[in-house]
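Structural features, examined
Each chain is listed here by its residues.
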Amino acid sequence: MFVIAEVGQAHDGSLGMALAYIDALAEVEVDAVKFQVHIAEAESSIHEPFRVKFSQQDKTRFDYWKRMEFSHEQWRVLKSRCEEKGVEFLASPFSNAAVDLLEELKVKRYKIGSGEVNNLLLLEKIARTGKPVILSSGMSSFEELDKSISFLNSKGIEFSILQCTTSYPTKSENYGLNVIQELKERYGVTIGFSDHSAKTETCIAATALGAEILEFHAVFSRQSFGPDASSSLEIGEIKELVKAVRNISEALEHPVDKSDNFNFSELKDIFEKSLAVNKDLPVGHILSFQDLEAKKPRNKGVPASDFKDCIGKKLIVTKNQWEFLKEGDLE
């Protein structure tokens, strides 16, 4: 399981806050801390509308992206902090210029946001690096995905796909957990789940259904300023989530063979039962269902599972109440 915690814009343009997120997320043992690399002039314009009109200080979304920018040196500081803390620095570029920046930083792989799946110009730029890609499928139909996947295959690029619902926060009826298996069958690559539900159970369910990569937004508090705060997980929730999905992943890697219960032999002797009589019975009594009880342990008499074989048979010995019933007691 590869666990990605996305800071996104939760840092609100503050380098110090971004560093604090890296420290906190490394502490709860995620595998990668993900950022978004926005270069306003390269990716946006004053005509871009707000997805959520949340900001009173940014007149346009272009202004917001401008305020979210870090300098090349600041990005180096963030990547270095990730390396110091033992987590992968991962980022989504939103322009070719952002790919150039990330190449300078020598990133290991690229994350493609849902809105860039059909941006073949960006995919071409990334493909030329030869590095692996994690592709979010949030706004794409299978037909659109097929085109992008075909493009990546033609370039010989290693890729994985995340089922994702681009809705903030995502309601349960829109999780699309069923798509995990559909993606596995359709493309035959590693499939994961990118979550915006702000609930830990969603990623836990995705893990149980076969997701091998998890991504979610991280925030110190869902009351924080920013467009993604309400659809993010808080640090304490992430800590519990990471523990849960690691346990589930380990369980899935060790399937239980239900045809073999040899390891339970000793416990079966303790918990399973033998037949006994529930009243004093004389020689010659014909056993009925009402005469029988099952008592621990196993192997002290006729197995409780064989009770039907005893009904209607005649006792050839006297049995006292609560005595085990032996096969030799019956005619």
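You'll find the structure just up there.
So, here's what we can say about the structure.

Thresholds applied
Residues numbered from 1 in each chain as written. Predicted model: local features only at pLDDT ≥ 70, side-chain atom pairs only at ≥ 80, totals over all residues. Heavy atoms only, no water. Helix = DSSP H or I, 4+ residues; strand = E, 2+ residues; numbered from the N terminus. Rg over C-alpha atoms; globule rule 2.2 N^0.38 Å. Buried < 20%, exposed > 50% of the residue type's maximum accessible area, 1.4 Å probe, protein only. Lys, Arg positive; Asp, Glu negative; His and termini not counted. Charge placed at Lys NZ, Arg CZ, Asp CG, Glu CD. Arc of directions from axis to C-beta. Core = buried A, V, L, I, M, F, W, Y, C linked by side-chain atoms within 4.5 Å.

**Describing the overall build of the chain**
Along its length, the chain carries 12 helices and 11 strands. For a compact globule of 331 residues, the expected C-alpha radius of gyration is about 20 Å, and the chain comes in at 31 Å, more than 25% above that figure. Across its three principal axes, the chain shows a C-alpha extent of roughly 100 × 40 × 35 Å. In the chain, which comprises 331 residues, the share counted as buried stands at 44%. Within the chain, the 52 negative side-chain charges are centred at a point lying 1 Å from the centre of the 41 positive side-chain charges.

**Topic: helix H8 (residues 179-187)**
For H8, every residue scored as buried is listed here: Val-179, Ile-180, Leu-183 and Tyr-187. Down the axis of H8, the buried set is contained in an arc of 110°. They therefore lie on one face. Of the residues one or two after H8, Gly-188 is the one with positive phi, at around 65°.

**Structural notes on the environment of Glu-327**
Looking at the element boundaries, Glu-327 is found in the segment after helix H12 (307-310). On the basis of relative accessible area, Glu-327 is assigned to the exposed category, the value being 64%. When the C-alpha positions of Glu-327 and Leu-315 are compared, they lie 10.0 Å apart, and in sequence the two are 12 residues distant.

**Considering the nonpolar core**
Core analysis: the biggest nonpolar cluster contains 64 residues, and Leu-25, Val-30, Phe-89 and Ile-238 have the highest contact counts within it. In terms of residues, this core owes the most to one element, helix H1 (residues 15-27), which gives seven residues.

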